[in-house]
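Letter by letter, the chains look like this.
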Amino acid sequence: MRLPIITANWKMHKTVKDSLQFAEEFIGMLGEDRKGIEIVICPPFTALYSLGERLRGTGIEAGAQDMFWEEWGAYTGEISPGMLLETGAKYVIIGHSERRYVLGEDDTAVNRKVKRALASGLCPIMCVGETLAEREEGRAVSVVRRQLEEGLKGVELLRPHLVIAYEPVWAIGTGVNASPQDAQEMSRLIRDELGSLFGVEVAQEMRILYGGSVNPGNIGGFVAQPDIDGALVGGASLEARSLADIVKQTEESVYGS
Ligand code: PGA
């Protein structure tokens, strides 16, 4: 069975102080009696080290929201995989739609980042997903397929050390989530595509997340789907209570109450 994973993407929210306060509340709310759900929190770079230190030993991981594909050099404003590893980060989100559409990141950049993350020992959470216009034009499947093929070009995987997040752009931060059935359909297609890239066995072990207006009320429907192994959560991960409820609902949906 694939270990479900709930990932919080805080985007450009929370200072060091806010992050540590969140950690105190969240750890307290989760309590000791936890079932098998992996939890990853991705704060802004500035809070990564202190949050990572606070989370050490709790079973909750810290991750980054992005990285650059070189290890050092004249790249003003960029952060390298080695710098992330030093903070204790284990995961890195790559190719989030806000990076693609607000900051102009293309499939080639995503591909470079995924390869470098893997080579460095970070687990990439690579995001794919169609825009509203692409969906309305009936191109959702071809767009997601292209993002997978281009983003994973030349990537060799012997073990499933890579997570894919399906995030339809029209569902991000809008309060309008995809239906669990639609998200499942796309996730199955993603798994098929991963099967042709890496072999069916590896693809079966890889985790696929849904992202886009996930909240405590709708998470259960997503993780009950056979090909959805968790969620990438933005807005609803900013409050400790809400993220703790998402984890609880995931436990109930996957393992029963
Ligand atoms: P949202 O964001 O949960 O606020 O829709 C999800 C994401 O961007 O990863």
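Everything that follows concerns the structure shown earlier in this document.
Only a predicted model underlies this, so the values are computations on that prediction, with no experimental measurement involved.

Undergrad: I would appreciate a short explanation of the pattern of salt bridges in the present structure.
TA: Inspection of every chain in the model, using the stated rule, returns 20 salt bridges. Between Lys113 and Asp66 there is a salt bridge, with its nearest N and O atoms 2.9 Å apart. Here Lys113, found in helix α5 (residues 107-120), pairs with Asp66, found in the loop between β3 (60-64) and α3 (81-87); they are 47 residues apart in sequence, far enough to count as distant. Asp66 carries the same exposure label as Lys113, and that label is buried. Glu105 is paired through a salt bridge with Lys113; the nearest N and O atoms lie 2.9 Å apart. Lys113 matches Glu105 in its accessibility class, with the two residues each being buried. Because the salt bridges share partners, they merge into one network encompassing Arg2, Arg191, Asp227 and Asp229.

Undergrad: What should I look at first to understand the packing of helix α1 (residues 16-30) against helix α2 (residues 45-55) in this one?
TA: Between two packed helices, what matters for the description is the angle formed by their axes and the separation of those axes. Viewed as axis vectors pointing N to C, α1 and α2 meet at an angle of 25 degrees, and their least axial separation amounts to 9 Å. If you check the angle between α1 and α2, you find them roughly parallel. Note on packing geometry: the crossing formed by α1 with α2 is right-handed. Where α1 abuts α2, its residues Val16, Ser19, Leu20, Ala23, Glu24 and Ile27 lie against Thr46, Ala47, Ser50, Leu51, Arg54 and Leu55. Looking at the contact of α1 with α2, its residues break down into seven nonpolar, three polar and two charged.

Undergrad: I tried to follow the pairing of strand β1 (residues 5-9) on my own but got confused; where do I start?
TA: It is a general feature of regular strands that their side chains alternate between the two faces of the sheet. In terms of burial, β1 is largely enclosed, as five of its five residues are buried. Two elements, β1 and strand β2 (residues 38-42), share five bridges in a ladder whose sense is parallel. Residue pairing in the sheet places Ala8 in a bridge with Ile41 of β2. For the crossover that starts at β1, traverses α1 and ends in the parallel β2, the hand is right-handed. By the bridge criterion, four bridges tie β1 to strand β8 (residues 230-233) in an arrangement that is parallel. What sits directly across from Thr7, in β8, is Leu232.

What counts, and at which threshold
Residues numbered from 1 in each chain as written. Predicted model: local features only at pLDDT ≥ 70, side-chain atom pairs only at ≥ 80, totals over all residues. Heavy atoms only, no water. Salt bridge = Lys/Arg side-chain N within 4 Å of Asp/Glu carboxyl O. Helix = DSSP H or I, 4+ residues; strand = E, 2+ residues; numbered from the N terminus. Buried < 20%, exposed > 50% of the residue type's maximum accessible area, 1.4 Å probe, protein only. Axes fitted to C-alpha atoms, helices over the stretch in contact; angles between N-to-C directions. Parallel < 35°, antiparallel > 145°, perpendicular 65-115°, else oblique. Left-handed = near helix turned anticlockwise from the far one by under 90°. Contact = heavy atoms within 4.5 Å. Nonpolar A, V, L, I, M, F, W, Y, C, P; charged D, E, K, R; others polar. Pairing = 2+ DSSP bridges. Right-handed = clockwise from strand over helix to strand, strands pointing away.

Geometric values such as these leave the question of function open.
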